[in-house]
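# Summary of the model geometry
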Amino acid sequence: MSNGQLEEQMDRENDQKAARFLGITYEEYISLEPSVEEMAGDDDLIYGYLVSFDAPIPADIAARIRGLDGDEVTLPPAFFDEEEGEQQWPQG
């Protein structure tokens, strides 16, 4: 497997993981054209991930997305580094 194929596979796995965590299907997640940015502080620590959706979010999907704020969702720090069973929704 080439580096490009490995990166594509990792991206797909991360997208599937995010979709499950947010409570929607992978296909729904991809259709919303997500972009993910690290939220890092001045100390270079990652404090979470900001997922922004570029496509309009249909009301039925929006109602199922955990933590949706406008067209964005914040994922916890180390989200993509943790095993799926370890993920916790941030408190507060």
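Remember, predicted model here, so these are calculated numbers, not experimental data. Every chain's residues receive numbers from 1 upward, in the order its sequence appears when written. This being a predicted model, a pLDDT of at least 70 is required before a residue's local features are given, and a value of 80 or more before pairs of side-chain atoms are given or counted; all residues contribute to the totals for chains, interfaces and linings. The basis for the side-chain values is all heavy atoms of the structure; hydrogens and waters are excluded.

### What to know about helix 1 (residues 3-22)
Strands are runs of DSSP state E lasting at least 2 residues, helices are runs of H or I lasting at least 4, and numbering of each runs from the N terminus. A helix's residues, less one, multiplied by 1.5 Å, set its expected span. Over its 20 residues, helix 1 runs 28 Å from end to end, which matches the ideal 28 Å to within 8%, given 1.5 Å per residue. Think of it in three bands: residues with accessible area under 20% of the maximum for their type are buried, residues over 50% are exposed, and the middle band is partly exposed, with areas taken using a 1.4 Å probe on protein chains only. Those residues of helix 1 that sit buried are Lys-17, Ala-18, Ala-19, Phe-21 and Leu-22. Residue contacts are counted whenever heavy atoms from the two residues lie within 4.5 Å of one another. Where the residues of helix 1 are buried, they touch helix 2 (26-31), strand 2 (46-53) and strand 3 (72-75).

### Some points on the pairing of strand 1 (residues 34-40)
Alignment of strand 1 against strand 2, held across seven bridges, turns out to be antiparallel. Each residue of the ladder has a partner; that of Ala-40, found in strand 2, is Ile-46. Here, a strand pair is defined by DSSP locating no fewer than two bridges between the strands. Once strand 1 ends, the chain turns through five residues before running back antiparallel as strand 2, passing Asp-44 with a positive phi of about 65 degrees.

### Structural notes on the nonpolar core
The criterion is simple. A nonpolar core is a set of buried Ala, Val, Leu, Ile, Met, Phe, Trp, Tyr and Cys residues joined through side-chain atoms within 4.5 Å. In terms of nonpolar packing, the biggest core is built from 16 residues, with Leu-22, Ile-24, Tyr-29, Phe-53, Ile-65, Leu-75 and Phe-79 touching the most fellow members. Those elements giving two or more residues to this core turn out to be helix 1, strand 2 and strand 3. It is helix 1 that contributes the most residues to this core, four residues altogether.

### Some remarks on the confidence of the model for the protein
Taken over all residues, the pLDDT of the protein has a mean of 88, while the share at 70 or more is 88%. Think of pLDDT as the predictor's per-residue confidence, scored from 0 to 100. Model confidence for the protein, summarised as mean pLDDT per element, is weakest for helix 1 at 92 and strongest for helix 2 at 98.

### Here we look at the pairing of strand 3
A one-sided burial pattern is seen for strand 3, the buried positions being Val-73 and Leu-75 and the unburied ones Glu-72 and Thr-74. Strand direction decides the pairing type here: strand 2 and strand 3, joined by four bridges, are antiparallel. Bridge pairing in strand 3 places Ser-52 opposite Glu-72.

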